[in-house]
Amino acid sequence: MDVKIEPSWKAVLADEFEKPYFSLLTSFVRKEYQSTTCYPPAPLIFNAFNQCPFDKVKVVIIGQDPYHGYGQAHGLCFSVNDGVQFPPSLVNIFKEIERDLHIPFPQSGNLTRWANQGVFLLNATLSVREGQAGSHQNKGWEEFTDRVIKEISDKKNNVVFMLWGSYAQRKGAVIDTKRHLVLKAVHPSPLSAYRGFIGCGHFSQANQYLASKGLTPIQW
């Protein structure tokens, strides 16, 4: 796994790529991609970083695992490729945007348009075997993405973190709440969305906060 990652991220994370755990992770991921079908496609493992440089990050959304079905995952959490049916959690995200900001459902579930505006769509685990949710967990990705979150928290100001569900909230424990806005809600999955995700107002709150800091709001 060659780490082809956007230069501003490469600078921030340079020492992380040299750590022993990352070399073990690299060799595990390389073997998995050589021996079985994995997602996202290898060139898109670091797509979230490449689409949203470190110096452009304004909003962080934390997911858990890439989608593990054919053609869905492309390296941005909750996002799917153009032409792919919206997964249930993404449907609920769009429902809440429609309720909160009166923006109609988009034609595509591809969230690259958000990433290009500064929304960093980070999964805790950046790869997965086809059809096997969680199959690349506890191999080193979580340590890497913990460091990513800490770097954003420590080196930037006025970032909005959206932590949906208990997993994302535990992962966000390192965030400095004095420097950043942390928004918490239940996960948008069908199991929990109507227990507080629908109605959370995170998208309007994020834009109000960004505007109050002199930053351009996101076109959700």
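The structure presented is a predicted model; accordingly, all values stated were derived computationally and were not measured. (Residues numbered from 1 in each chain as written. Predicted model: local features only at pLDDT ≥ 70, side-chain atom pairs only at ≥ 80, totals over all residues. Heavy atoms only, no water.)

Draft legend 1. Looking closely at the pattern of salt bridges. By the definition in use, this model includes 9 salt bridges. Glu32 serves as the salt-bridge partner of Arg129, at 2.7 Å between the closest nitrogen and oxygen. Note that Arg129 is positioned in strand β4 (residues 128–129) and Glu32 in helix α2 (residues 20–35), a separation of 97 residues in sequence. Residue classification places Arg129 among the partly exposed positions, given a relative accessible area of 27%. You can call Glu32 buried: its relative accessible area is 9%. (Salt bridge = Lys/Arg side-chain N within 4 Å of Asp/Glu carboxyl O. Helix = DSSP H or I, 4+ residues; strand = E, 2+ residues; numbered from the N terminus. Buried < 20%, exposed > 50% of the residue type's maximum accessible area, 1.4 Å probe, protein only.)

Draft legend 2. Structural view of the nonpolar core. Phe49, Trp114, Phe120 and Phe144 are the most contacted members of the largest nonpolar core, which has 68 residues in total. Looking at which element gives the most residues to this core, the answer is α2, with 6 residues. (Core = buried A, V, L, I, M, F, W, Y, C linked by side-chain atoms within 4.5 Å.)

Draft legend 3. Representation of the packing of helix α4 (residues 88–101) against helix α8 (residues 202–212) within the structure. At their nearest, the axes of α4 and α8 sit 8 Å apart, and the two run at 60 degrees to each other. Between α4 and α8, the interaxial angle falls into the category oblique. Here Ile93, Glu96, Ile97, Asp100 and Leu101 of α4 come into contact with α8, specifically with His202, Phe203 and Ser204. (Axes fitted to C-alpha atoms, helices over the stretch in contact; angles between N-to-C directions. Parallel < 35°, antiparallel > 145°, perpendicular 65-115°, else oblique. Contact = heavy atoms within 4.5 Å.)

Draft legend 4. Structural view of α2. Taking 1.5 Å as the rise per residue, α2 with 16 residues should run 22 Å; its terminal C-alpha atoms sit 23 Å apart, in good agreement. Within the span of α2, buried status applies to Tyr21, Phe22, Leu25, Thr26, Phe28, Val29, Glu32 and Tyr33. The secondary structure elements touched by the buried residues of α2 are β1 (38–39), β4 and α6 (141–155). (Expected span 1.5 Å × (residues − 1).)

Draft legend 5. Just the pairing of strand β5 (residues 160–164), in detail. Among the 5 residues in β5, 5 count as buried, and that is most of the element. Relative to β5, strand β2 (residues 59–63) is paired through 3 bridges, and the arrangement is parallel. If you follow Ile61 over to β5, its bridge partner there is Met162. Regarding the hand of the β-α-β motif, the stretch spanning β5, helix α7 (residues 166–171) and strand β6 (residues 181–185) is right-handed. (Pairing = 2+ DSSP bridges. Right-handed = clockwise from strand over helix to strand, strands pointing away.)

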